Amino acid sequence: MTTAAEVVPKAVAAVAPRAATIRRQRRRRLRRAVWNVVGLALFVVLVFPVFWMVSTAFKPDNEINSLSPTWFSARPTLEHFRDAMARPYFWEVVKNSLIVVGAVVALSMVVAFLAAVALAKYRFTGNKLFVVLVIGILMLPQAGLVIPLYVVLAKYGLTNHLLGLVFTHLVILLPFAVWTLRGFIMGIPKELEEAAMVDGSSRLGAFTRILLPLVAPGLVATSVFVFITSWNEYIFANVILTDQANQTLTVWLSYFYGTSRATDWGGLMAASTLTAIPVVIFFLLVQRKIAFGLTAGAVKA
Amino acid sequence: MNIRIFAAAALVAALSVVAVGVSGASGGSAANTLTVWLQVDAQSGWPEVVAAANAQFKAQNPGWDVDVQYQTWGTHLAKFDATLAGGNAPDVIEMGNTEMTKYSAAGAFQDLTAISFPNKSTWLAGLAASGRYGGKIYGVPYYAGSRVVTYRTDIWRQNGNKVPQSQAEFIALAKKIGAKNTAKTFSPVYIAGTDWYVAMSFVYDYGGKIAITRKGKWVGALDKRAALAGLAAYKRFFEAASRAPAGSNEGTPPPYDVMAHGNAASTYGAGWFTCCVGDYKNRVAQFVMPSHTKGQPIPGFLGGSDLAVPVGGNKDKAAAWISAFTDNASMTALRAKGNIPNTTSLLGTSVNERAARRSWFVPQSKNWVNVENGNVLRTMLQRILSGRSSIKDAASVASDNITYTLNQ
Amino acid sequence: MTVAAEATAHRSRRRPRLKTIAQASVPYLLILPVIVVITAILGYPLYKLVTLSFQQYGLAELIQKKGVWIGLDNYSSVIHDEVFWRVLLRTVIFTAANVVLTIGIGTLIAFLLVRVSTWVRILLTAGLVLAWSMPAVVAVQIWVWMTNFENGVLNYILTELHFGDYAGHDWYGSTFSKLAMVTLLIVWGAIPFVTITVYAGLAQVPRELVEAAEIDGAGPVRVFRDVTFPVLKPIFLILTSLSIIWDFGVFTQAYLLIGSSAVDTSNYVMGVYVFIEGYSHSDFGRGAAISLLMLLIVAAMSVFYVRRMVKMGEAS
C-alpha cells in the first residue's frame, strides 16, 4: 500500500480514506477476535459441567476414582451405559417419560391456545380475574401442594398412574403456556385478521384457517419450555408414582443415589447423559423456530 | 410445519395417551394384591430372598399376588404421608428403626401384638424395642447392621499390623500412619465431621446419653459431664485420625468412596463397606472399634429396619407375608449378606455381630425424627470441630434444643 | 305490514341479539378447558391449603383425616418465630442475588452473541441448550460430583491453575459458601432461558435507529438506554417477574445440593423451610400457613412487574 502511495503521489488523496477504512476494518476484526475469545471462554465454562458428566460416563471406574482427573478417558468404555440400561425398568421408564411429555405438550398446547385466543382477542368481563388467576398459580409454592394434590388424585383413582402426573403437569404448565401464547397471538397484525373476516368467515374460523399457521413459531417455542419442564419435573412425579414400573426418568435416576449402598458415579453420569439426550434432540429439531418465536411472544406480552 | 398436521397429531397423541392411561388404571392394584414397600437395598442386595418370600406367600394364599414396590430412604416418608392422606397406603412398609416411633404414636400402623411371628421370643432386643410403642407391637424386626472399622491390610502391615485394643492405641496408630502420608485429603481413619452416629458412640462409651426421661418429660443430656467427656474424646479422636472437613457428612462422599480413592487407611462405618472400596477390595479387613476401656468394643449405633402394617392394609395377609419374609431361611440368607439377623438364635461371631454386643439407640420419642431432620446434632458437631464454639456451649445449645423438640 | 314482513323484521331484530350472545360467550368457551382442568385438579388442593392453615393438622390428624380448628394460631406462631424472619431475609437477599446475576449475565451473553463470529455463536448456543436441558436433579448430582472436597474436579482445576492450594477445600463449609454454590447452580441453569429470549429480542431492535443514534454521537451506553432497552423492556419485565417467582420458591437445588444432612436453621431458604416445617416435622397446618405467607410475599415482591405486564397487554 505504501509503495503504491509513493509511486503514484497523485493517488494519495484517494488512498488515505481507504487506509482509514482498512484500519477501521482491521480494528473491527480485532475487536471481533477479542469477543470470540470471550465467547469461547464462556462456552468452556457453560459446557464444562455437561462435559464432565459425559466424560465421567465413559471412564472406567479406576479413572473415576483417580485423584488426578483426566479430561478424556485413555480407555473409554460403554460399560456404564450398558449397566444403566440394564437396570430394572429402564425401557418402561423411558416409555413413561415419553408418554407423559407427549400428552402434556399436546394437551397443554391445545387447551392453552384456546384460552390465549380469548385473552388476546376478546374483551370480556372477568378477563383480568383470569389473568390474575393464571399468574397466581405460577406463584404457588409447589411443595405445599404435594399432599392435597395426591389426595385429589387418589379420589379420581389416578395415583401411581401416568394420567395423574399428566394432569398435574398440565396444571403447573398451563399458566405459563397461556401467558406466552397470548403474547404471540397479540403479535399477529390486525389487518390479516380483518382480511380473514371480510372473507365471511367467523372470527374463530379466521383464526383456525389463516392465523393458526402464523402462531406456529409461538406454539413451538412454548412447547419447548413445556417439554423441558415436564421431562425434568421431579417433586410431583416422585410422590404420585410409587411403583418403579410407573415412574419417569428423573425419579428412576434417584435410585442411583437413593440407596444406602455405594453411589455408582459412572452409572449415574451415564444415566444422566441418557436422560438429557431426548431434550437435546427435541431442542435441536425446533431450535430455529424458537429464536424467532420467543421474540414475538415476549415483546408483545 | 404444516399446522393442520401438527394440530391433528397433537390431538391424536393426547387422546391415545388418555386411552393408554385409562386402560392402565384397570390393571393397577387388584383386590387380591398385597402391596409391599421395601427399600431399594433389598432390590440390589437380596432380591432372591424377596422372591422366595413371595413364592411362599403365594403358595400359602392361592389367588393372591404380591406387588413389591422399591423405595429410596430419602423420599419414602414423603410418599408414605401422601398415601396415608389419600387412603391408599401399602399393606406392608419397611421403616428405618429411628422412623418407627413417630408413626406408631400417630396411629399409622396396625397392632401386631397378638400375631405369632417366627422367632418372636428371640428377636434382637435392641431392634425389637424400636417396633414397640405404648406396650404394643407395631413393627417386626427385619434386619440390623452394626458399625465396624474397615481397614487397609497393606497399610496396617507397614505399621506393625496390630488391631488396636483401646482408643488410645488407635489414636497412636492413626498418628503414625498420618505422619507417613501428609496429604490434606488422606485420613488414617476417615470419619465425616458431622457423622453423629460415630460421635454419639463416644458419648455412650463414656456413659453419656442424648436424652433421658424424668417425670414423664424428656430432658436433653448432652450437657451432662459424661456426655461432655464423650464429645471431648470424639474431638480428640477426630483431630488425630480424620482429615475430613468439620462440616462434612457421611453421605457425601460416602466413606467407602474415600477408601476407594486411596484417601483413607481405614474408616468406621457399616459392615458392608468392604463391598465398595474399588481396587482395594482384596486388601481390606475389619475389626471391632475399641472402647476407651481396653479390650471392650465401643457401643455402636444399632441401625436397622422394621416391617409394619399401615392402617387400611390387609392385616392378616400382610402378617403372613412378613412371617414368610422373616423366617429362619430368610434370616440365614440375610446374614450371609453381612447383615445382623433379627433373632439371637442365629447370631454368630462375625466381626459385625461381635460389634453389635454393645449398642445404643436414639431416644424413643415421637419427636425424635424432628431432631434428626433439623440436624441438631450435626450442627453441634460442626461447631465443636471447627472450634467455633466450646464443647460445653455447643452441647448445651443442642441439649436445650433437644429438650424443647422432644417435649413438643 | 304483512305477517311475513313482520316475521322477517322480528327475526332481523332477534338475530343480531342471538348472535351477540353467541359471540359474547365465545371467550368464555375458549377459556373453559383451562378453567375445568385447573379447578378439577387444583381446586380442592387450594381449598385444603387454606383450611389446613387454620387447623392443628399433624400426622395423627392426617391419618384420621380430621383436623382441629385453631384459628390463626399457625400464622401467629410462624410470625412470632424469629427463624421465619431470618429465613425470609436470607431468601430475599438470595433471590435478589440470583435474579440480578441471572438476568445480568444472561443479557451480557446475549449482547456477546451479536458480536461474535457465526461459528462461535453456534457453539455458544449449543452450550446454552446443553445447560438448559439438564434436569435440576441431574445438575445437582453433577455439582456434587464436581465440587466434593475429596476428589472434586473443581478443587483440582483451581489448584492446577495456581489459584492457591484447594486440595481438600470444602465448598459447603459455611452458610455463605453453601448458598453461593446453590446460586452458581441456579444461575447456570437459568442463564440459557434468559440469553435466548433476550437475544431473540435484540433481533427486533431496528438497525436504522441504532445507526441513527450512533451518527448522532451516542455512546454504547446511550444507545442501550434510548434505543435497545425500550424494545427489550417487555422481555425484561417477563424475565424478571418469572425469575423472582422461581428463585424465591426454589427448593430442589437448595435442598438437594446442601443435602438433607446439612440443611438447618442457619442455611434454610423459604422453599426448604416450608418443606422441613410442613413435611419433615409433619406439621401440615403450619406448613400450609407458611405456604400462603410465601404466596403473599412473592406476590408483593413481583406486583410491580406483574401490573405493568397486565397493563401492557390489554386486549385491543
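Just so we're clear, the structure is a prediction, and the values are computed from it rather than from any experiment.

With that settled, consider the overall build of chain B. Helix and strand content of chain B: 17 helices and 14 strands. In chain B, buried positions account for 55% of the 408 residues. If you take every contact in chain B between residues at least 6 apart in sequence, the share linking residues at least 24 apart comes to 78%.

In this section: the overall build of chain A. The secondary structure content of chain A amounts to 13 helices and zero strands. Starting at the N terminus and ending at the C terminus, chain A contains elements arranged as α-α-α-α-α-α-α-α-α-α-α-α-α. The buried share of chain A, taken over its 301 residues, is 50%. In chain A, 73% of the contacts between residues at least 6 apart in sequence involve partners at least 24 apart.

All names here are of chain B. The buried fraction of strand β2 (residues 65-71) is high, at five of seven residues. Of the pairings in the sheet, the one linking strand β1 (residues 33-39) to β2 comprises seven bridges and is parallel in character. Within β2, the position partnered with L38 by the bridge is Y70.

This part takes up the interface of chain B and chain C. On the side of chain C, 25 residues touch chain B, which itself brings 30 residues to the contact. At the level of elements, α4 (76-86), α5 (100-106), α15 (368-373) and α16 (376-386) of chain B are the ones that each hand at least two residues to the side of chain B that touches chain C. Sorting elements by how many residues they give to the side of chain B that touches chain C places α4(B) first, with four residues. When grouped by side-chain class, the residues that make up the side of chain B that touches chain C number nine nonpolar, 16 polar and five charged.

Attention shifts here to the sheet that holds strand β11 (residues 284-287) of chain B. Residues and elements named next belong to chain B. What the three strands build is an open sheet, ordered β10-β7-β11; its pairing is antiparallel. Only two strands of the sheet have a single partner each, and these edge strands are β10 (266-270) and β11. Taken pair by pair, the neighbouring strands of this sheet meet at an average axis angle of 35°, ignoring direction. When strand β7 (residues 147-152) meets β11, the two strands line up antiparallel, connected through four bridges. Note on β11: the bridge partner recorded for R152 is V284.

In this structure, the amide linkage connecting T252(B) to the following residue, P253(B), adopts the cis form with an omega of -10°. Along the chain, P253(B) falls in the loop between α10 (225-241) and α11 (255-260). A positive phi angle is found at N161(B), which is not glycine, with a value near 50°. As for its position among the elements, N161(B) is in the loop between α7 (153-157) and α8 (167-180). For K65(C), which is not glycine, the phi dihedral falls at a positive 60°.

Moving on, we come to α4(B). Residues and elements named next belong to chain B. Of all the eleven residues making up α4, ten are buried; the element is thus mostly covered by neighbouring parts of the structure. H76, L77, K79, F80, D81, A82, T83, L84, A85 and G86 are the residues of α4 that are buried. Of the residues one or two after α4, G87 is the one with positive phi, at around 75°.

In this section: the confidence of the model for chain A. All names here are of chain A. Scored by pLDDT, chain A has a mean of 81; 80% of the residues are at 70 or more. Predicted confidence in chain A is weakest over helix α1 (residues 2-7), with a mean pLDDT of 43, and strongest over helix α11 (residues 235-240), with 92. Within the model, pLDDT remains below 50 along residues 1-12, and this stretch shows six contacts once partners closer than five positions in the same chain are excluded. Under a pLDDT of 50 for its full length, residues 293-301 has, in the predicted model, 42 contacts with residues more than four places off or in other chains.

This brings us to the sheet that holds strand β3 (residues 92-96) of chain B. All names here are of chain B. One open sheet holds the five strands; their spatial order is β2-β1-β3-β13-β6, and the pairing between them is mixed. Each edge of the sheet is formed by a strand with only one pairing partner; in this case those strands are β2 and β6 (139-145). Neighbour to neighbour, the strand axes of the sheet diverge by 20° on average, direction disregarded. The sheet contacts of helix α12 (residues 315-325) involve β1, β2, β3, β6 and β13 (303-308), and relative to β1 the element is tilted by about 50°.

Residues and elements named next belong to chain C. Its location among the elements puts V227 in helix α10 (residues 220-248). Exposure remark for V227: the 19 C-beta atoms within 10 Å place this residue in the partly exposed category. Sequence separation of V227 and E214 is 13 residues, and the distance between their C-alpha atoms is 10 Å. Apart from residues lying up to four places away in sequence, V227 is in contact with V205, L209, V210 and A213.

Further remarks concern the nonpolar core. Grouped together as the largest cluster of nonpolar side chains are 303 residues, with contacts concentrated most on A112(A), A115(A), V178(A) and W321(B). Among the elements that take part in this core, helix α5 (residues 90-121) of chain A stands out by supplying 20 residues, more than any other.

For the rest of this paragraph, the subject is the environment of V220(A). Among the secondary structure elements, V220(A) is positioned in helix α10 (residues 203-232). Assessed through the 21 C-beta atoms surrounding it within 10 Å, V220(A) is described here as buried.

Our next topic: the confidence of the model for chain B. Residues and elements named next belong to chain B. In this model, chain B carries an average pLDDT of 90, and 93% of its residues clear a pLDDT of 70 or more. Predicted confidence in chain B is weakest over helix α1 (residues 3-26), with a mean pLDDT of 51, and strongest over α10, with 97. Per-residue pLDDT stays below 50 along residues 22-29; that stretch engages in eight contacts with residues further than four places along the chain or on separate chains. For this predicted complex, the interface score ipTM comes out at 0.84, while the overall pTM is 0.87.

This brings us to the interface of chain A and chain C. Across the boundary between the two partners, chain A contributes 77 residues, which contact 73 residues of chain C. Contributing elements (two or more residues each) for the side of chain A that touches chain C: α2 (12-57), α5, α6 (127-139), α7 (146-155), α8 (162-186), α10, α12 (249-257) and α13 (265-300) of chain A. Per-class residue counts for the side of chain A that touches chain C are 61 nonpolar, twelve polar and four charged.

Attention shifts here to the packing of helix α6 (residues 136-147) of chain C against helix α8 (residues 175-202) of chain C. Residue and element names in this part refer to chain C. Axis separation between α6 and α8 bottoms out at 11 Å; the angle between their running directions is 130°. Judged by the inter-axis angle, α6 sits oblique to α8. The element α6 and its partner α8 pack so that their crossing is right-handed. Residues A136, A139, V140, W143 and T147 of α6 form the contact with α8, whose own contacting residues are M181, L185 and G189. Of the residues belonging to the contact of α6 with α8, the class tally is six nonpolar, two polar and no charged.

Moving on, we get to helix α12 (residues 270-280) of chain C. Residues and elements named next belong to chain C. Among the eleven residues in α12, ten count as buried, and that is most of the element. Within α12, burial applies to M270, G271, V272, Y273, V274, F275, I276, E277, G278 and Y279. Phi turns positive one or two residues past the end of α12, at S282, with a value near 50°.

Time to look at the packing of helix α3 (residues 47-60) of chain B against α12(B). All names here are of chain B. Closest axis-to-axis distance for the α3/α12 pair is 8 Å, and the angle between their directions is 135°. Relative to α12, the element α3 lies oblique. Crossing handedness for the pair α3 and α12: right-handed. Across the interface between the two elements, A53, Q56, F57 and Q60 of α3 pack against A320, W321, A324 and F325 of α12. Here the contact of α3 with α12 is built from residues that sort into six nonpolar, two polar and no charged.

Looking at the element boundaries, K120(B) is found in the loop between α5 and α6 (125-130). On the neighbour-count criterion, K120(B) (17 C-beta atoms within 10 Å) is partly exposed.

Cut-offs used in this document
The numbers attached to residues start from 1 for each chain and follow its sequence in the written order. Throughout, the order in which chains and ligands are written sets their labels, letters from A for the former and numbers from 1 for the latter. Local features in this predicted model are restricted to residues of pLDDT 70 or higher, and side-chain atom pairs are both shown and tallied only at a pLDDT of 80 or more, whereas totals for entire chains, interfaces and linings draw on every residue. Secondary structure is summarised from DSSP: a helix means a run of H or I of at least four residues, a strand means a run of E of at least two, and numbering begins at the N terminus for each. Exposed residues have 12 or fewer other C-beta atoms within 10 Å of their own C-beta, buried residues have 20 or more, and residues in between are partly exposed; the C-beta atoms are placed from the backbone. By the convention adopted here, residues are in contact when the distance between their C-beta atoms, placed from the backbone, does not exceed 7 Å. By definition, two strands form a pair when at least two bridges between them are found by DSSP. Under the scheme applied here, ten amino acids are nonpolar (Ala, Val, Leu, Ile, Met, Phe, Trp, Tyr, Cys and Pro), four are charged (Asp, Glu, Lys and Arg), and all others, including Gly, are polar. Every angle, taken between N-to-C directions, lies between 0 and 180 degrees, and every axis is a line fitted to C-alpha atoms, over only the stretch in contact when it is a helix. One confidence number per residue, pLDDT, is output by the predictor and ranges from 0 to 100. Residues of type Ala, Val, Leu, Ile, Met, Phe, Trp, Tyr and Cys that are buried and joined through C-beta atoms within 7 Å form what is called a nonpolar core. Our angle categories are set so that under 35 degrees counts as roughly parallel, over 145 as roughly antiparallel, 65 to 115 as roughly perpendicular, and the remainder as oblique. Two helices that cross are described as forming a left-handed crossing if the nearer one is turned anticlockwise from the farther one by less than a right angle, and a right-handed crossing if clockwise.

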